[in-house]
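Chain and residue survey
Residue-level listing of the chains:
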Amino acid sequence: VKAEAGDSFAQMALGSLLVSGSLPQAAPKDEPRGWKLLEQASEGGHSDASWLVFQHLMADPEQFTDAQLARAAVHLRRAAAAAHPQAMAALGGFYFEGAGGLPRDCRQAADWQARAEEAGVRGARNEQVWTWATCPIAAQRDPARALQLVGYMVKNQDTLAYSELDTVAAAYAANRQFDQAVSF
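Residue positions are counted from 1 within each chain, in the order its sequence is given. It should be noted that, the model being predicted, local features are given only for residues of pLDDT at least 70 and side-chain atom pairs only at 80 or more, the latter also being counted only at that level, while totals for whole chains, interfaces and linings use all residues. To obtain the side-chain values, all non-hydrogen atoms of the structure were used and water was disregarded.

1. Comments concerning the overall build of the protein chain
Within the protein chain, the secondary structure is distributed over ten helices and zero strands. Secondary structure counts use DSSP, requiring at least four H or I residues in a row for a helix and at least two E residues in a row for a strand, with both numbered from the N terminus. Of the regular secondary structure in the protein chain, the N- to C-terminal order runs α-α-α-α-α-α-α-α-α-α. Dimensions of the protein chain, computed from the C-alpha atoms along their principal axes, are close to 65 × 35 × 30 Å. It only takes one pair of heavy atoms within 4.5 Å for two residues to be counted as in contact. A fraction of 44% describes how many contacts in the protein chain between residues 6 or more apart in sequence connect residues 24 or more apart. Surface accessibility in these figures is a Shrake-Rupley result with a 1.4 Å probe; residues are shielded only by whichever protein chains are displayed. Looking at the protein chain as shown, the accessible area adds up to about 9,900 Å², and 52% of this sits on carbon and sulfur atoms.

2. Observations concerning the packing of helix α7 (residues 124–134) against helix α8 (residues 143–155)
The interhelical angle for the contact between α7 and α8, taken along N-to-C directions, is 155°, at an axis separation of 8 Å. On the basis of the axis angle, α7 is roughly antiparallel to α8. Our pair here, α7 against α8, has a crossing hand that is left-handed. Here Arg-125, Asn-126, Gln-128, Val-129, Trp-132 and Ala-133 of α7 come into contact with α8, specifically with Pro-143, Arg-145, Ala-146, Leu-149, Val-150, Tyr-152 and Met-153. Note on residue classes: Ala, Val, Leu, Ile, Met, Phe, Trp, Tyr, Cys and Pro are nonpolar, Asp, Glu, Lys and Arg are charged, and everything else, Gly too, is polar. Residue composition of the contact of α7 with α8, grouped by class: nine nonpolar, two polar and two charged. The convention used is that axes are lines fitted to C-alpha atoms, helices contributing only their stretch in contact, and that angles between N-to-C directions extend from 0 to 180 degrees. To sort the angles, those under 35 degrees are grouped as roughly parallel, those over 145 as roughly antiparallel, those from 65 to 115 as roughly perpendicular, and the leftovers as oblique. Take the far helix as your reference; a near helix turned counterclockwise from it by less than a right angle gives a left-handed crossing, and one turned clockwise gives a right-handed crossing.

3. Considering helix α9 (residues 162–174)
An expected span of 1.5 Å times one less than the residue number is assigned to each helix. Helix length check: α9 (13 residues) gives 18 Å between terminal C-alpha atoms against 18 Å at 1.5 Å per residue, within 8%. Here the term buried applies to any residue with accessible area under 20% of the maximum for its type, exposed to any over 50%, and partly exposed to those in between, with areas from a 1.4 Å probe on protein chains only. Listed as buried for α9 are Glu-164, Thr-167, Val-168, Ala-169, Ala-170, Ala-171 and Tyr-172. Looking at the buried residues of α9, the elements they touch are α7, α8 and α10 (178–183). Once α9 ends, the next one or two residues include Arg-176, with phi positive near 60°.

4. Quick word on the environment of Ala-114
Mapped onto the elements, Ala-114 comes out in helix α6 (residues 106–118). On the basis of relative accessibility, which here comes to 19%, the residue Ala-114 falls in the buried class. With 22 residues separating them along the chain, Ala-114 and Gly-92 place their C-alpha atoms 8.9 Å apart.

5. Overview of helix α2 (residues 31–43)
One turn of the α-helix equals 3.6 residues, which is why residues spaced by three or four share an orientation. With 13 residues, α2 should cover 18 Å at 1.5 Å per step; its first-to-last C-alpha distance of 18 Å lies within 8% of that length. Three or more residues of α2 are buried, namely Gly-34, Trp-35, Leu-37, Leu-38, Glu-39, Ala-41 and Ser-42. Those residues of α2 that are buried lie in contact with α1 (8–20), α3 (47–57) and α4 (66–81). Counting of polar contacts relies on pairs of N or O atoms within 3.5 Å, with two restrictions inside protein: one atom must be capable of donating a hydrogen and the other of accepting it, and residues adjacent in sequence are counted only when both atoms are side-chain atoms. Sitting at the amino-terminal end of α2 is Asp-30, which places a side-chain oxygen 3.3 Å from the backbone nitrogen of Arg-33.

6. A word on the pattern of salt bridges
Salt bridges are identified by distance alone: a Lys or Arg side-chain nitrogen within 4 Å of an Asp or Glu carboxyl oxygen. On inspection of all chains with the given rule, the structure shows seven salt bridges. Here Arg-71 makes a salt bridge to Glu-39, at a shortest N to O gap of 2.6 Å. Of this pair, Arg-71 sits in helix α4 while Glu-39 is found in helix α2, placing the two residues 32 residues apart along the sequence. Residue class for Arg-71 comes out partly exposed when judged on its relative accessible area of 39%.

7. Topic: unusual backbone geometry
Unlike most non-glycine residues, Ala-83 shows phi in positive territory, near 70°. Mapped onto the fold, Ala-83 is located in the loop between α4 and α5 (85–97). Overall, the relative accessible area of 47% leaves Ala-83 in the partly exposed class. The backbone phi angle of Arg-176 is positive, close to 60°, even though this residue is not glycine. With respect to the secondary-structure elements, Arg-176 resides in the loop between α9 and α10. Overall, Arg-176 belongs to the exposed group, its relative accessible area being 65%.

Quick look at the structure:
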């Protein structure tokens, strides 16, 4: 009753039950209705619902259309604005790519990636360095900032994944330090 009356917490709870089918005696599995309730919960300000709907909309890369990405971006922005750590990182990626109807904006991307890093998202530093070193908008590229941020990664190079090593190399290359770039 509360979900139907617009209570976003109730919409989140009931929507989750309907999508998962985990309590069939109370709420039989009904994915379409569940996702509709989760989307309503997102619209009502429930950030966890926003993140779930975003993940659902992004689950099938073959379904990515401009309209689908724009719809996903609405929920992503809500979750990020509510300080959902993973959403902040993902929103940085959307700004870097100019996805979902958002403008391609590396400064916005790096800002959201920095927020994600502060919230403890592993890999957010890597994304931020990549953004500053490789931004496709030359006026927004900041190789010096990339090099400054990459220092922490260099200190911990023995623990870096191959993709992080590529990012370190990109930061050095953007600063014309090609010997270090090749080394990484």
